[in-house]
Amino acid sequence: NWRDEYMVWDCAWGTGNLTRDYNFVDLYCSTIHAEDLNIGHRYNKDATKFQYDFLNDDVEDMEQIENCIYQASRLRESNPMMAQTFISQANTILFGTKLYDQAPGLIESLLGLNGKPRKKLLFLINPPYATPGVIGAGAKSGTSDTAMKDVMKEEKISGSDQLWIQFIYRIYKLKKLFNVDIKIGAFTPSKILSLVKGKEVNSILVNEFGYFEGYGICAANFADVKPNWGISFTLWGSGVNNLTKLH
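Residues numbered from 1 in each chain as written. Predicted model: local features only at pLDDT ≥ 70, side-chain atom pairs only at ≥ 80, totals over all residues. Heavy atoms only, no water.

## Examining the overall build of the protein chain
Selection criterion: We count a stretch as a helix when DSSP gives it H or I for four or more residues in a row; a strand needs E for two or more, and each element gets its number in order from the N terminus. We call two residues in contact when some of their heavy atoms are within 4.5 Å. Methods summary: accessible areas were calculated by the Shrake-Rupley approach with a probe of 1.4 Å, and residue burial reflects only the protein chains presented.
Counting its regular elements, the protein chain contains nine helices and seven strands. In the protein chain, the proportion of contacts linking residues at least 24 apart, taken out of those at least 6 apart, comes to 61%. Total accessible area on the protein chain stands at roughly 12700 Å², and carbon and sulfur atoms take up 50% of it.

Spelled out as structure tokens, the structure:
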């Protein structure tokens, strides 16, 4: 049972629409708005719930950690003492992040720290689809202006004006940083499998995660959403690609 085997993190939890009807062994629920936690307090009472801006909080710190790890790897043979200094700096930054403080056990279980056995992580998400300037998408000017957008622009990753693509890319960055087994189950616009704007993220999903399976539905299945476009639920993280299984 995947709800027992995996730590599950809904990093766009809102008021718990994806998780409220199920039981999980290790469930982490984060949302940008504190009032969401108040509204959804009666759902998933055993979960770890915390206010966390997934596209802004700790993004710069994680970039610093990534740089420290790179420097340590570069110096491991030529200057092992300096390499260890960079590793120590990375640990100091990591243990000072909001995520480490607000989601106790998540990072320890991912990395097998402090005597905890390593566990796999599944992101189960329905991220916002807003794109600034798109009529009917519910977006406002500046909606996509986040720390993650800045990272994507610096790394020349297209599609950074779409919030759901930012979510996917940040998950990838965490997978790459921690070098652990991370899977994604996500509701997204159905174009996730044929992105032009965001083609690098599409390539990352296919090649770094691997498509497992999915299905498409009319957007009208969600409350207060116009019916003239499609939504897909796709699972990524099989390690192989089964792109013909989308139905």
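## Concerning the pattern of salt bridges
Oppositely charged side chains can pair when the atoms bearing their charge come close. Rules: Basic side-chain nitrogens of Lys or Arg form a salt bridge, by our definition, when they fall within 4 Å of a carboxyl oxygen of Asp or Glu. Working definition: with a 1.4 Å probe on protein chains only, accessible area under 20% of the residue-type maximum means buried, over 50% means exposed, and in between means partly exposed.
Taken as a whole and assessed by the stated rule, the structure comprises eight salt bridges. A salt bridge links Lys-173 to Glu-66; the shortest N-O distance between them is 3.1 Å. Here Lys-173, found in helix H8 (residues 163-178), pairs with Glu-66, found in helix H3 (residues 59-75); they are 107 residues apart in sequence, far enough to count as distant. Under the relative-accessibility criterion, Glu-66 is labelled partly exposed at 23%. Lys-183 is the salt-bridge partner of Asp-181, the closest N and O atoms lying 2.9 Å from each other. Residues participating in the shared-partner salt-bridge network are Glu-63, Glu-66, Glu-155 and Lys-173.

## Re the sheet that holds strand E4 (residues 120-125)
Selection rule: Two strands are counted as paired when DSSP detects at least two bridges linking them. Fitting a line to C-alpha atoms yields each axis, with helices limited to the stretch in contact; the angle taken between N-to-C directions then spans 0 to 180 degrees.
Taken together, seven strands build an open sheet; the order of strands is E3-E2-E1-E4-E5-E7-E6 and the sheet is mixed. Each of the sheet's edge strands pairs with one partner strand only, and the pair in question is strand E3 (48-51) and strand E6 (211-218). Taking the axes of each pair of neighbouring strands and ignoring which way they run, one obtains an average angle of 15 degrees across the sheet. Each of strand E1 (6-10), E4 and strand E5 (182-189) is contacted by H8, which is oriented at about 175 degrees to E5, the strand it contacts most.

## Notes on the environment of Phe-178
Among the structural elements, Phe-178 can be located in helix H8. The class of Phe-178 is buried, set by a relative accessible area of 10%. Beyond its immediate sequence surroundings of up to four residues, Phe-178 is in contact with Met-62, Leu-94, Leu-110, Leu-111 and Arg-118.

## What about helix H9 (residues 199-209)?
Every buried residue of H9 is accounted for by Val-201, Asn-202, Ile-204, Leu-205, Val-206 and Phe-209. On its buried side, H9 packs onto helix H7 (147-154), H8, E5, E6 and strand E7 (230-236). Positive phi shows up at Gly-210, right after H9, with a value of about 95 degrees.

## Some thoughts on the packing of H3 against helix H4 (residues 80-94)
The test is simple: Orientation categories follow fixed angle ranges, with anything under 35 degrees roughly parallel, anything over 145 roughly antiparallel, 65 to 115 roughly perpendicular, and all other angles oblique. Crossing handedness: left-handed means the near helix sits turned counterclockwise from the far one by under a right angle, and right-handed means the same turn made clockwise. Think of it as three bins: nonpolar holds Ala, Val, Leu, Ile, Met, Phe, Trp, Tyr, Cys and Pro, charged holds Asp, Glu, Lys and Arg, and polar takes everything else, Gly as well.
The interhelical angle for the contact between H3 and H4, taken along N-to-C directions, is 165 degrees, at an axis separation of 8 Å. When the axis of H3 is compared with that of H4, the two are roughly antiparallel. The hand of the H3/H4 crossing is left-handed. The segment H3 lies against H4, with Asp-61, Met-62, Gln-64, Ile-65, Cys-68, Ile-69, Gln-71, Ala-72 and Leu-75 engaging Pro-80, Met-82, Ala-83, Phe-86, Ile-87, Gln-89, Ala-90, Ile-93 and Leu-94. Looking at the contact of H3 with H4 residue by residue, the class counts come to 14 nonpolar, three polar and one charged.

## Quick look at H7
Spelled out, the test is: Within 3.5 Å is the distance limit for a polar contact, defined as a pair of N or O atoms, with the added protein rule that one can donate a hydrogen and the other accept it, and that residues adjacent in sequence qualify only through two side-chain atoms.
Taken residue by residue, H7 has Ala-147, Met-148, Lys-149, Val-151 and Met-152 as its buried positions. Of the surrounding elements, those touching the buried residues of H7 are H3, H8 and H9. A distance of 3.3 Å separates the backbone nitrogen of Met-148 from a side-chain oxygen at the start of H7, and that oxygen is part of Thr-146.

## What to know about the environment of Ser-160
Structurally, Ser-160 can be placed in the loop between H7 and H8. Residues Ser-160 and Thr-146, spaced 14 residues apart in sequence, show a C-alpha to C-alpha distance of 9.3 Å. Not counting the four nearest positions on each side in its chain, Ser-160 is found in contact with Ser-144, Lys-149, Met-152, Lys-153 and Gln-166.

## Brief notes about the packing of H8 against H9
Viewed as axis vectors pointing N to C, H8 and H9 meet at an angle of 40 degrees, and their least axial separation amounts to 10 Å. One way to sum up the angle between H8 and H9 is to call them oblique. Here H8 runs over H9; the crossing is left-handed. Side by side, H8 and H9 meet where Ile-165, Ile-168, Tyr-169, Ile-171, Tyr-172 and Lys-175 of the first sit next to Val-201, Ile-204, Leu-205, Glu-208 and Phe-209 of the second. Classifying every residue of the contact of H8 with H9 gives nine nonpolar, no polar and two charged.

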